[in-house]
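Chain and residue survey
The residues making up each chain are set out below.
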Amino acid sequence: NQSLPAGGGHGRGRHQHAQRHSRLQVPKHPCAPAWPPSCPWLAPPPCSLLKGSAPFTSLCRSPGTGYYSTLQSYDLPYPEAIFELSFFFHNPKPFFTFAKELYPGNYRPNTAHYFLRLLHDKGLLLRLYTQNIDGLERASGIPASKLVEAHGSFASATCTVCRRPFPGEDFWADVMVDSVPRCRVCAGVVKPDIVFFGEPLPPRFLLHLADFPVADLLLILGTSLEVEPFASLSEAVRSSVPRLLINRDLVGTLARHPRGRDVVQLGDLVHGVKRLVELLGWTEEMQDLIQQETGKVRIAESHGW
Ligand SMILES: [Zn+2]
């Protein structure tokens, strides 16, 4: 076990820490000043991705934004209750009202999602780890095999009594007419495979043991990096591997234990991703991809899907 530094050195340590942070604001690597298309760090596959906005923490920490503001209109004793099994068994209705709100199609993938899709199309994406439960990574066209949805998804469900698995299509019809989906066999409540408090992460999360040691680049996009064990993944890449954080704030282990090859682009996520796409010379491809994918949505809508 490593011991903590003695109390007397605390002030000096903090000062050094702050200095390291300010250095991180400027992209510093052999391709300086920024990330040109020829950057060897971005070229070679595989790269591993870590993404997500930590829905559970935003419930508690960001009143007025995201899921939290939506939940205030529900009949909940406190916001976190929506992901608590004991409350779910007492009253599953608020959770399914929330599910209806998140129905695929109510929200659309953004530029950041399509950037990840482009990485996949180019054969550069090793895996995308996400804490989001909105399913927008799937909606952007990234195949399930490339995803680790660490907090689960609405793509499948399980009977809470007999544990029979159900495909997502089976429960949406009930959810959309505000009724609680029931198991066809035992009439138990069918719960979408979203990870509630105290539940284990999906077995696919174990893929990180194989993925992170072989990644050549770690992209960290739009996250608070506060929810464990997900947050610690940012330290699971080899120490020589660059970590690129595009985020509003300097967060998690990148703030607490910065590494020499970290690159940080702070500010608006979509703006940061667009800038990276520009520097990579992929702007036209991105526009084509987004046009192609949003075109699909329009065709689906015109067919009443
Ligand atoms: Zn059942």
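Scoring rules and cut-offs
- Each chain carries its own residue numbering, running from 1 in the written order of its sequence.
- Reporting in this predicted model follows two pLDDT cut-offs: at least 70 for local features of residues, and 80 or more for side-chain atom pairs to be given and counted; totals over whole chains, interfaces and linings ignore these cut-offs and use all residues.
- With hydrogens and water stripped out, all remaining heavy atoms of the structure feed into the side-chain values.
- UniProt positions are given in the numbering used here, feature names are shortened, and annotations may be inferred rather than shown by experiment.
- Numbered from the N terminus, helices here are DSSP runs of H or I no shorter than four residues, and strands are runs of E no shorter than two.
- Side-chain atoms alone can form a polar contact between residues adjacent in sequence; in general such a contact is a pair of N or O atoms within 3.5 Å, and within protein one must be able to donate a hydrogen while the other accepts it.
- Salt-bridge detection follows one rule: a side-chain nitrogen of Lys or Arg within 4 Å of a carboxyl oxygen of Asp or Glu.
- Residue burial is assigned from relative accessible area. The probe radius is 1.4 Å, only protein chains are included, and a residue is buried under 20% of its type maximum, exposed over 50%, and partly exposed in between.
- Should any heavy atoms of two residues lie within 4.5 Å, those residues are counted as being in contact.
- Only when DSSP finds a minimum of two bridges between them are two strands counted as paired.
- To obtain each axis, a line is fitted to C-alpha atoms, and for helices this fit is confined to the stretch in contact; angles are then taken between N-to-C directions over 0 to 180 degrees.
- Only nitrogen, oxygen and sulfur atoms within 2.8 Å of the metal, or 3.2 Å for Na, K and Ca, are treated as donors, and water is left out, so sites may look incomplete.
- A site with four donors is called tetrahedral when every donor-metal-donor angle falls between 85 and 135 degrees; four donors are called square planar, and six octahedral, when opposite donors sit more than 155 degrees apart and all other angles fall between 65 and 115; any other arrangement is irregular.

The name an unreviewed UniProt entry assigns to the protein chain is Sirtuin 3, from the organism Sus scrofa.

With numbering matched to this structure, UniProt assigns "active site" (unreviewed entry) to His151. Within the element layout of this structure, histidine 151 appears in the loop between strand 3 (147-149) and strand 4 (152-159). Within the structure, histidine 151 has its side chain in polar contact with the backbone oxygen of glutamine 131 (distance 3.4 Å).

Applying the stated criterion across every chain yields a total of 11 salt bridges. Here lysine 100 ties to aspartate 178 by a salt bridge, and the two come within 3.1 Å at their closest N and O atoms. Separated by 78 residues along the polypeptide, lysine 100 in helix 5 (residues 93-101) and aspartate 178 in the loop between helix 8 (169-176) and strand 6 (190-194) bring together distant segments of the chain. A relative accessible area of 47% places aspartate 178 in the partly exposed class. Close ionic contact of glutamate 199 with lysine 191 constitutes a salt bridge, the shortest N to O distance being 3.2 Å. Here lysine 191 falls in the buried class, since its relative accessible area comes to 7%. Salt bridges linked by common partners bring Arg117, Asp121 and Glu293 together as one network.

Structurally, tryptophan 282 is set in the loop between helix 11 (269-280) and helix 12 (283-302). Assessed through its relative accessible area of 11%, tryptophan 282 is described here as buried. Apart from residues no more than four positions distant in its own chain, tryptophan 282 is found in contact with Phe115, Leu118, Leu119, Lys122, Leu124 and Val277.

Once that is clear, we can look at the sheet that holds strand 5 (residues 165-167). Overall, antiparallel pairing links the three strands, which are arranged 5-4-6 in an open sheet. Two strands in the sheet have a free side with no partner beyond their single neighbour: strand 5 and strand 6. The sheet shows a mean angle of 40 degrees between the axes of neighbouring strands, taken without regard to direction. Alignment of strand 4 against strand 5, held across three bridges, turns out to be antiparallel. In the sheet register, serine 156 faces strand 5, and the bridge partner there is proline 167. Lying over the sheet, helix 5 contacts strand 4 and strand 6, oriented at roughly 55 degrees with respect to strand 6.

Moving on, we come to the coordination of the zinc ion. Surrounding the zinc ion are the protein donor atoms Cys159 (SG), Cys162 (SG), Cys183 (SG) and Cys186 (SG), which sit 2.2 to 2.4 Å from the metal. Between the four donor atoms coordinating the zinc ion, the angles at the centre fall across 97 to 120 degrees, so the site counts as tetrahedral. Counting the intervening residues between successive donors of the zinc ion yields the motif C-x2-C-x20-C-x2-C. Highlighted residues: cysteine 159 in strand 4 and cysteine 186 in the loop between helix 8 and strand 6, separated in sequence by 27 residues. Using a relative accessible area of 0% as the deciding quantity, one classes cysteine 159 as buried. Accessibility expressed as a relative area gives 32% for cysteine 186, which makes it partly exposed.

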